[in-house]
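Okay, here's what each chain looks like letter by letter:
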Amino acid sequence: MKLYNTLTRQKEKFVPLNGNKVTMYSCGPTVYNYFHIGNARPFIVFDVLRRFLRYRGYDVTFVQNFTDIDDKLIRRANEEGTTVEEIAERYIEEYFVDAEGLGIEKADYHPRATENIKEIIEFIKTLIEKGYAYEIDGDVYFSAKKFDEYGKLSHFNIEELEAGARISVDEKKRDPMDFALWKAQKPGEPAWDSPWGPGRPGWHIECSVMANKYLGETIDIHSGGVDLIFPHHENEIAQSEAANEKPFARYWLHNAFLNIDNQKMSKSLGNFFTVREAAKHYGYEIIRFFMLSAHYRNPINYSTEQLEQARRSLERLYECKRNLNFLLENAAETSGNNEVTEKLNQYKEKFIEAMEDDLNTADAIAAIFELVREINIQISEGNKDKEFLESALKLFNELTGVLGIVTKEEETLEEEIEKLIEQRQQARKEKNWKLADEIRDKLKDMGIELQDTPDGVKWRKI
Ligand code: AMP
Ligand code: ZN
């Protein structure tokens, strides 16, 4: 498999450090609100990467953290007159509701910053001992210039970085490029005891510490959105490599933005929709499908048309699955002719080839639609052989399963609809065409279209 590595700016063959074991760390949400559709992009994309690696036989250990202490959580808690813990607890719970809806599997570990304060303090102590960090009035800063390779991920040079660096009024750092590892407590803020007095960790340090704790000093894959390349990931590299004197992450993967009206969707710009809101309009699965319909390194535009398009595409996939299940109920025994089964395998190869090319889910979905077309042609040409139907369904489920789509069980008709279909069958038997047509029209009003086929009555949602 090839993956585009931000560190080297090229597609590289993916070879894990330890045989078939893969260690993967993805930066998770800051839990002060429901997450928005832009945030959902890395969660979905890297869930698919994890599933695909597993599908190809790798044993993946996946960590995604929760940032449960920062300025935004503190502000939110103050606004609501509650504690930071309560805010974090609430939105972690809500994260899991939306994540499950979107088909994002739970990580092997979901560590939280506040549960790792002891380890964070130890890590900072090491950085001070090694001469990379210094304390001023209860704050601890990392000295960026001490780390020779600072800038290697973002490909900025020191001059460029210096031009953009600022010291805000409440910071006491020596150099504008330095960044906080530990922040001394300010009035009204939660704090933990430390060798430098009461305070809390900076943002970047938690990921270095938790990746190290759960996955080791060198990990295979580290991922997140492009906005994290600088400074967050650049700083993670500096901290981890300064402390451990080993390469930190071998493959750095970054998804492009999800935009709205050609602008990054973000909480600070206020142009965001939460996944919770969008799911009410479209359902979770359509959001997931939409997200995977583009390559993860291309920007994607969130619009009603795109979502409607996703709805139609997904419906075509469900229709194929329904058709196969329906025909299988009455399928004749196998003829033993597996030529067609072999033919179907070319779509599997196409799917894998697309996914192995830097996780090209857009082309992988195209391969699934080619498979569906082939299945439809076979069926329309009268191929209702059990072996064919079974292998078609198995392959269909296998490929859609890697993407985590078309996962719903075959829809069951509500009782009322079932009864109506039965009544219509009865009317037709009695040659009461008028009544049969009336029932058909009634079902149409309910969004159900009937189709009389030699194999029986089929239905589909319209
Ligand atoms: P945050 O909760 O802001 O730390 O973001 C969580 C994840 O969402 C990070 O990997 C971000 O890079 C990513 N992210 C935030 N906004 C967008 C967006 N509009 N499009 C794609 N990814 C985003
Ligand atoms: Zn991180």
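The model shown is predicted, which means the values in this text are computed figures rather than measured ones.

A word on the overall build of the protein
Here comes step 1: Summing up its helical and strand segments, the protein has 15 helices and 15 strands in all.
Here comes step 2: Oriented by its inertia axes, the alpha-carbon framework of the protein measures out at about 90 × 50 × 35 Å.
Here comes step 3: Residues classed as buried in the protein amount to 52% of the 462 residues present.
Here comes step 4: Pairs at least 24 residues apart make up 76% of the contacts formed inside the protein by residues separated by at least 6 positions.
Here comes step 5: Positive and negative side-chain charges in the protein, numbering 63 and 83 respectively, have mean positions lying 2 Å apart.

Considering the site of ligand 1
Here comes step 1: The environment of ligand 1 is formed by 16 residues, the closest being Gly38, Gly225, Asp227, Leu258 and Met265.
Here comes step 2: For ligand 1, an oxygen atom lies 3.1 Å from a polar atom in the side chain of Asn39.
Here comes step 3: Met265 is positioned with one of its backbone polar atoms (N or O) 2.8 Å from a nitrogen atom of ligand 1.
Here comes step 4: Out of a free accessible area of 490 Å², ligand 1 has 90% covered by protein chains.
Here comes step 5: Taken together, the elements giving at least two residues each to the shell around ligand 1 come down to helix H1 (37-55) and strand E9 (219-225).
Here comes step 6: With 3 residues, H1 is the single largest residue contributor to the shell around ligand 1.

Points about the domain arrangement of the protein
Here comes step 1: Its domain assignment divides the protein into domain 1 (2-255), domain 2 (311-403) and domain 3 (415-461).
Here comes step 2: Taking the mean C-alpha position of each, domain 1 and domain 3 sit 58 Å from one another.

Things to note about the coordination of the zinc ion (ligand 2)
Here comes step 1: Bound to the zinc ion (ligand 2) on the protein side are Cys27 (SG), Cys207 (SG), His232 (NE2) and Glu236 (OE), at distances that span 2.0 to 2.6 Å.
Here comes step 2: Taken together, the 4 donor atoms surrounding the zinc ion (ligand 2) define angles of 72 to 129° at the centre, an arrangement classified as irregular.
Here comes step 3: In the primary structure, the donors to the zinc ion (ligand 2) are separated according to the pattern C-x179-C-x24-H-x3-E. With Cys27 in the loop between strand E3 (21-26) and H1 and Glu236 in helix H7 (residues 229-244), the pair connects residues that are 209 residues apart, well separated along the chain.
Here comes step 4: Using a relative accessible area of 9% as the deciding quantity, one classes Cys27 as buried.

Considering the environment of Ala242
Here comes step 1: Mapped onto the secondary structure, Ala242 falls in helix H7.
Here comes step 2: The sequence separation of Ala242 and Glu149 amounts to 93 residues, and the corresponding C-alpha distance is 9.9 Å.

Some thoughts on helix H13 (residues 386-403)
Here comes step 1: Its 18 residues give H13 an end-to-end C-alpha distance of 26 Å, which sits within 8% of 26 Å, the value for a rise of 1.5 Å per residue.
Here comes step 2: Taken together, the buried positions of H13 are occupied by Phe388, Leu389, Ser391, Ala392, Leu393, Leu395, Phe396, Leu399, Thr400, Val402 and Leu403.
Here comes step 3: For H13, the secondary structure elements touched by its buried residues are H1, helix H9 (284-292), helix H10 (304-329), helix H11 (339-356) and helix H12 (361-380).
Here comes step 4: Sitting at the head of H13, Asp385 places a side-chain oxygen 2.9 Å from the backbone nitrogen of Glu387.
Here comes step 5: Looking at the residues trailing H13, positive phi occurs at Gly404, about 70°.

Quick notes on the environment of Gln426
Here comes step 1: Within the element layout of this structure, Gln426 appears in helix H14 (residues 415-429).
Here comes step 2: For Gln426, a relative accessible area of 40% gives the class partly exposed.

Side note on the pattern of salt bridges
Here comes step 1: Going through the model one piece at a time under the given rule, you end up with 42 salt bridges.
Here comes step 2: A salt bridge links Glu245 to Lys130; its shortest N-O distance comes to 2.6 Å. Taken together, the residues Glu245 in the loop between H7 and strand E10 (249-255) and Lys130 in the loop between helix H4 (117-129) and strand E5 (133-136) connect sequence positions 115 residues apart.
Here comes step 3: For Glu245, a relative accessible area of 61% translates into the label exposed.
Here comes step 4: Note on Lys130: relative accessible area 35%, which makes it partly exposed.
Here comes step 5: Of the charged contacts in the structure, one is a salt bridge between Lys152 and Glu149, with a shortest N-O distance of 3.6 Å.
Here comes step 6: Its relative accessible area of 24% is what places Lys152 among the partly exposed residues.
Here comes step 7: Connected via shared salt-bridge partners are Asp47, Arg51, Arg54, Glu105 and Arg288.

So, unusual backbone geometry
Here comes step 1: Residue Pro231 is reached from Phe230 by a cis peptide bond, and omega for that bond is 5°.
Here comes step 2: Relative to the assigned elements, Pro231 resides in helix H7.
Here comes step 3: Backbone geometry at His155 places phi at a positive 60°, although glycine is not the residue there.
Here comes step 4: Relative to the assigned elements, His155 resides in the loop between strand E6 (139-142) and helix H5 (158-164).
Here comes step 5: Classification of His155 by relative accessible area gives partly exposed; the value is 31%.
Here comes step 6: Phi at Asp261 takes a positive value of approximately 50°, unusual for a residue other than glycine.
Here comes step 7: With respect to the secondary-structure elements, Asp261 resides in the loop between strand E11 (258-260) and strand E12 (263-264).

Each value, and the rule that gives it
- Residues numbered from 1 in each chain as written.
- Chains lettered and ligands numbered in written order.
- Predicted model: local features only at pLDDT ≥ 70, side-chain atom pairs only at ≥ 80, totals over all residues.
- Heavy atoms only, no water.
- Helix = DSSP H or I, 4+ residues; strand = E, 2+ residues; numbered from the N terminus.
- Buried < 20%, exposed > 50% of the residue type's maximum accessible area, 1.4 Å probe, protein only.
- Contact = heavy atoms within 4.5 Å.
- Lys, Arg positive; Asp, Glu negative; His and termini not counted.
- Charge placed at Lys NZ, Arg CZ, Asp CG, Glu CD.
- Near = heavy atom within 4 Å.
- Polar contact = N/O pair within 3.5 Å; in protein donor to acceptor, adjacent residues only side chain to side chain.
- Areas by Shrake-Rupley, 256 points an atom, 1.4 Å probe, with all protein chains shown as cover.
- Domains from an automatic or database assignment.
- Donors = N, O, S within 2.8 Å, 3.2 Å for Na, K, Ca; no water.
- Tetrahedral: all angles 85-135°; square planar, octahedral: opposite > 155°, others 65-115°.
- Expected span 1.5 Å × (residues − 1).
- Salt bridge = Lys/Arg side-chain N within 4 Å of Asp/Glu carboxyl O.

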